[in-house]
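The primary structure of each chain is shown beneath.
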Amino acid sequence: MNADTAPSSRLIAPSLFAFGIFYGGMVCIAGVLGNKQVALGPLAVEAGIFAFLLLVVTSSAVAELHGRAIANKLVVWGFVPLLMSAALTVLVLALPASDKMEAERLAAFETIMGSNLRIWLAGLVAYGTSQVLNVTIFSALKGREGSRLLYFRSAVASALSQIVDTLIFITVAFYGVFPIGALLAGQMLSKVVLSIVFVPPLILMFVKLGRSMDRSAA
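Residues numbered from 1 in each chain as written. Predicted model: local features only at pLDDT ≥ 70, side-chain atom pairs only at ≥ 80, totals over all residues. Heavy atoms only, no water.

## Points about the overall build of the protein chain
Within the protein chain one finds nine helices and two strands. Helices and strands appear in the protein chain in the N-to-C order α-β-β-α-α-α-α-α-α-α-α. If you line up the protein chain on its principal axes, its C-alpha atoms span 60 × 45 × 25 Å. When the 218 residues of the protein chain are sorted by exposure, 36% land in the buried category. For the protein chain, long-range pairs separated by at least 24 residues make up 75% of all intrachain contacts whose partners lie at least 6 apart in sequence. (Helix = DSSP H or I, 4+ residues; strand = E, 2+ residues; numbered from the N terminus. Buried < 20%, exposed > 50% of the residue type's maximum accessible area, 1.4 Å probe, protein only. Contact = heavy atoms within 4.5 Å.)

## Observations concerning the side chain of T89
Position of T89 among the secondary structure elements: in helix α4 (residues 79–94). With a relative accessible area of 11%, T89 lands in the buried category. Here the side chain of T89 touches S85 through a polar contact of 2.7 Å, landing on its backbone oxygen. The contacts of T89, once residues within four sequence positions are left out, are M113 and W120. (Polar contact = N/O pair within 3.5 Å; in protein donor to acceptor, adjacent residues only side chain to side chain.)

## Re the packing of helix α3 (residues 68–77) against α4
Look at α3 against α4: their axes get within 4 Å of each other, and the N-to-C directions meet at 5 degrees. As far as their axial angle goes, α4 and α3 are roughly parallel. Residues V75, V76 and W77 of α3 form the contact with α4, whose own contacting residues are F79, V80 and P81. Counted by class, the contact of α3 with α4 contains six nonpolar, no polar and no charged residues. (Axes fitted to C-alpha atoms, helices over the stretch in contact; angles between N-to-C directions. Parallel < 35°, antiparallel > 145°, perpendicular 65-115°, else oblique. Nonpolar A, V, L, I, M, F, W, Y, C, P; charged D, E, K, R; others polar.)

## What to know about the packing of helix α2 (residues 48–66) against α3
Where α2 meets α3, the axes come as close as 7 Å, and the angle between the chain directions of the two elements is 150 degrees. One element, α2, and the other, α3, form an angle in the roughly antiparallel class. Between α2 and α3 lies a crossing of right-handed hand. Residue-level inspection shows T58, S59, V62, A63 and H66 of α2 in contact with α3, the latter providing R68, I70, A71, L74 and V75. (Left-handed = near helix turned anticlockwise from the far one by under 90°.)

## Concerning the environment of L189
Within the fold, L189 resides in helix α8 (residues 181–197). For L189, a relative accessible area of 48% translates into the label partly exposed. Remark: the alpha-carbon pair of L189 and V75, spanning 114 residues in sequence, is separated by 25 Å.

## Overview of the nonpolar core
With 35 residues, the main nonpolar core has Y23, V27, L55, V62, Y127, V199 and I203 as its most contacted residues. Only α1 (14–33), α2, α3, α6 (117–145), α7 (150–174) and α9 (199–217) provide two or more residues apiece to this core. When residues in this core are grouped by element, the largest group, ten residues, is from α2. Those residues in contact with Y127 that lie beyond four places of it in its chain are Y23, V27, F52, L55, L74, V75, G78, F79, L82 and D165. Listed in part, the nine residues of the second largest apolar core include A126, A173, F174 and I180. (Core = buried A, V, L, I, M, F, W, Y, C linked by side-chain atoms within 4.5 Å.)

## Concerning the packing of aromatic side chains
Using the criterion set out here, one finds five aromatic pairs in the structure. Judged by centre distance (5.0 Å) and plane angle (80 degrees), the ring pair of F79 and Y127 falls under edge-to-face. Taken together, the residues span a long stretch of sequence, with F79 in helix α4 and Y127 in helix α6 at a distance of 48 residues. Under the relative-accessibility criterion, F79 is labelled partly exposed at 25%. Look at Y127 and you get buried, because its relative accessible area is 2%. A centroid spacing of 6.1 Å and a plane angle of 85 degrees characterise the contact between F169 and F174, whose relative ring orientation is edge-to-face. Just above the ring of F138 sits the side chain of R153; from NZ or CZ to the centre is 5.0 Å. (Phe/Tyr/Trp six-rings, centres within 6.5 Å; stacked < 30°, edge-to-face > 60°. Lys NZ or Arg CZ within 6 Å of the ring centre and 35° of its normal.)

Everything listed here is a matter of coordinates, which is why it stays silent on function.
Given below as structure tokens:
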């Protein structure tokens, strides 16, 4: 068998390929969704939280299936679509609008997409720090517990990383602009509740799906 026909040992696992594509999409959409505040009971939270929690789910599932090093690489590569989407947004905002575009639509677009540099910076720092922290805690707990207690490991890692994410993002983005105490408390409470209630079963589902994809390709 020659080199052209020999199977490559560097082929990516189907689950890692699929989750990598999904992860990149969630990185990009999180910032767009964050422009809307949604009501969760008495709490008001930015809607980007849903995409961001799916990033936590995906990176945790990759850590469970392929190890901490691969999951951290996924987080690092996540900066590529994040930075490219930011650069393209700046470019599109700088280009002159067509005179055929309705003024109301243009104003709405510029309002939604025209986030300032401080918010972009806050998102970058919060994303990198909290995602690496999530993978680190999740993997460290696995080192102690083995493959057991996946639900517990998922809830702890997600909740702690989301607390750090909220502290960084809200402080960097809004400190000095307006009082941030109430916003911090509301965001933390909602993220911790969602991390404990919804993230662990989603991670279990992603891990099961990933193992099924990899077995089918074996």
